[in-house]
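# Overview (structure and organization)
One-letter residues, chain by chain:
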Amino acid sequence: MARVIVVGSINQDVTVTVDRFPDPGETLSGSSLTYSLGGKGANQAAGAAHSGVAVAFVGAVGSDPSGQRLRSDLASHGVDVTHLREVDGPSGTALITVAASGENTIILDAGANASVTVEPAKASLFPSPADIVVLQAEIPAEANDAALAWAHSFGARVVLNLAPARPTDAAFMARIDILVVNETEAGLTLGTPTPSNPTQAIGIARALRALGPEHVMVTLGADGAAWASGSEAGHCPALTLGEAVDTTGAGDACVGALAAAMALGKPFVEAVADGIRAGSTAVLAPGAAPSYATLPRVTRR
Ligand code: ADP
Ligand code: NA
């Protein structure tokens, strides 16, 4: 049975609610402090697991108390954490403040994510050609390079979610099998304005496809996603399944479900539809991974 293997980041999200953001030097009281599982890699792994496929995670937590908590949180979503290493120092941490206005600020410390490498996993983790290896941009670029080479040496295909957008070596991009970006990341990657409608987004998807990936998905929030695959391209609307209460983690649910669908052997356009369905479901509940329990299972074609 094909698996999804995520090589990526895992963070302790520490979130506090404030009436307004403090000025420099000011101390304010916050409320409802929460610690939750975060990091695009961990979220996508949890999303893929809730979509119904076997998932292994390759990454690193720190030796701080967050490390053990993150490990058990990720495992509780059904993800195999055998290849989640512990390294000296802090775990990846996101300090998040949410103001009454709904705006937020985020300070990210990469912590252990800066030490992620696929090397230790190589001794005991062997992808099959049907497996899908998922990468993002919250671990060092060299780690992604090595993971791509490792995946391809076994014939496995690679999904790159280029989030956050960062300058990417053209040769690396040319070897990616499946690229997923949101509309902002798409614009930054091409050095063009963010697409402002689905028709423009289809053009952007085609332009990204020309960088080398065989398949491209550009997510457009409530407008769904544009895609390009081989010489074909199109747009799929999002689903309105209820009131959107929190879009945090919609993109990660989408990537997880798309990877699950590819691992189950579905054609790319069906995997895009599964990704959209997962993203549109994740917005119905608060949080990222905590909102994934209700994700629809991706079924074999
Ligand atoms: P990111 O979080 O990476 O910016 P998007 O916001 O584009 O990702 O969301 C990913 C997917 O989730 C979209 O393609 C869409 O299918 C779904 N989605 C996001 N926001 C909404 C929304 N408000 N209503 C319905 N579906 C949504
Ligand atoms: Na959510």
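Remember, it's a predicted structure, so these values are computed and weren't measured experimentally.

To continue, consider the packing of helix 1 (residues 40–50) against helix 8 (residues 250–263). Axes are the key here: two packed helices are described by the angle between their axes and the distance separating the axes. Direction vectors running N to C along helix 1 and helix 8 enclose 50 degrees, while the axes themselves pass 7 Å from each other. For the element pair helix 1 / helix 8, the angle class is oblique. Here the hand of the crossing between helix 1 and helix 8 comes out right-handed. Contact residues: helix 1 offers Lys40, Asn43, Gln44, Gly47 and Ala48, while helix 8 offers Asp252, Val255, Gly256 and Ala260. Partitioned by chemical class, the residues of the contact of helix 1 with helix 8 number 3 nonpolar, 4 polar and 2 charged.

What follows concerns the sheet that holds strand 11 (residues 215–219). Across the sheet, 9 strands lie side by side as 5-4-1-8-9-10-11-12-13; this open sheet has mixed pairing. Of all strands in the sheet, those with a lone pairing partner are strand 5 (84–86) and strand 13 (232–236), marking the two edges. Within this sheet the neighbouring strands show an average axis-to-axis angle of 15 degrees, counted without direction. As paired elements, strand 1 (residues 3–7) and strand 8 (residues 132–135) share 4 bridges and run parallel to each other. Each residue of the ladder has a partner; that of Val4, found in strand 8, is Ile132. On the sheet, helix 4 (residues 141–153) packs against strand 1, strand 8 and strand 9 (157–161) and is oriented at approximately 175 degrees with respect to strand 8.

Moving on: the UniProt feature "binding site: ATP" (unreviewed entry) in the chain. With numbering aligned to this structure, UniProt lists the feature "binding site: ATP" (unreviewed entry) at Asn182, Thr219, Leu220, Gly221, Ala222, Asp223, Gly224, Gly251 and Asp252. Positionally, Leu220 belongs in the loop between strand 11 and strand 12 (225–229). We classify Leu220 as buried; its relative accessible area is 6%. Those residues within four positions of Leu220 in sequence are excluded, and the remaining contacts are Glu183, Pro198, Ala201, Ala225, Ala226 and His235. Along the chain, Asp223 turns up in the loop between strand 11 and strand 12. Those residues within four positions of Asp223 in sequence are excluded, and the remaining contacts are His235, Cys236, Pro237 and Ala238.

Calculation notes
- Residues numbered from 1 in each chain as written.
- Chains lettered and ligands numbered in written order.
- Predicted model: local features only at pLDDT ≥ 70, side-chain atom pairs only at ≥ 80, totals over all residues.
- Heavy atoms only, no water.
- Axes fitted to C-alpha atoms, helices over the stretch in contact; angles between N-to-C directions.
- Helix = DSSP H or I, 4+ residues; strand = E, 2+ residues; numbered from the N terminus.
- Parallel < 35°, antiparallel > 145°, perpendicular 65-115°, else oblique.
- Left-handed = near helix turned anticlockwise from the far one by under 90°.
- Contact = heavy atoms within 4.5 Å.
- Nonpolar A, V, L, I, M, F, W, Y, C, P; charged D, E, K, R; others polar.
- Pairing = 2+ DSSP bridges.
- UniProt positions renumbered as here; feature names shortened; annotations may be inferred.
- Buried < 20%, exposed > 50% of the residue type's maximum accessible area, 1.4 Å probe, protein only.

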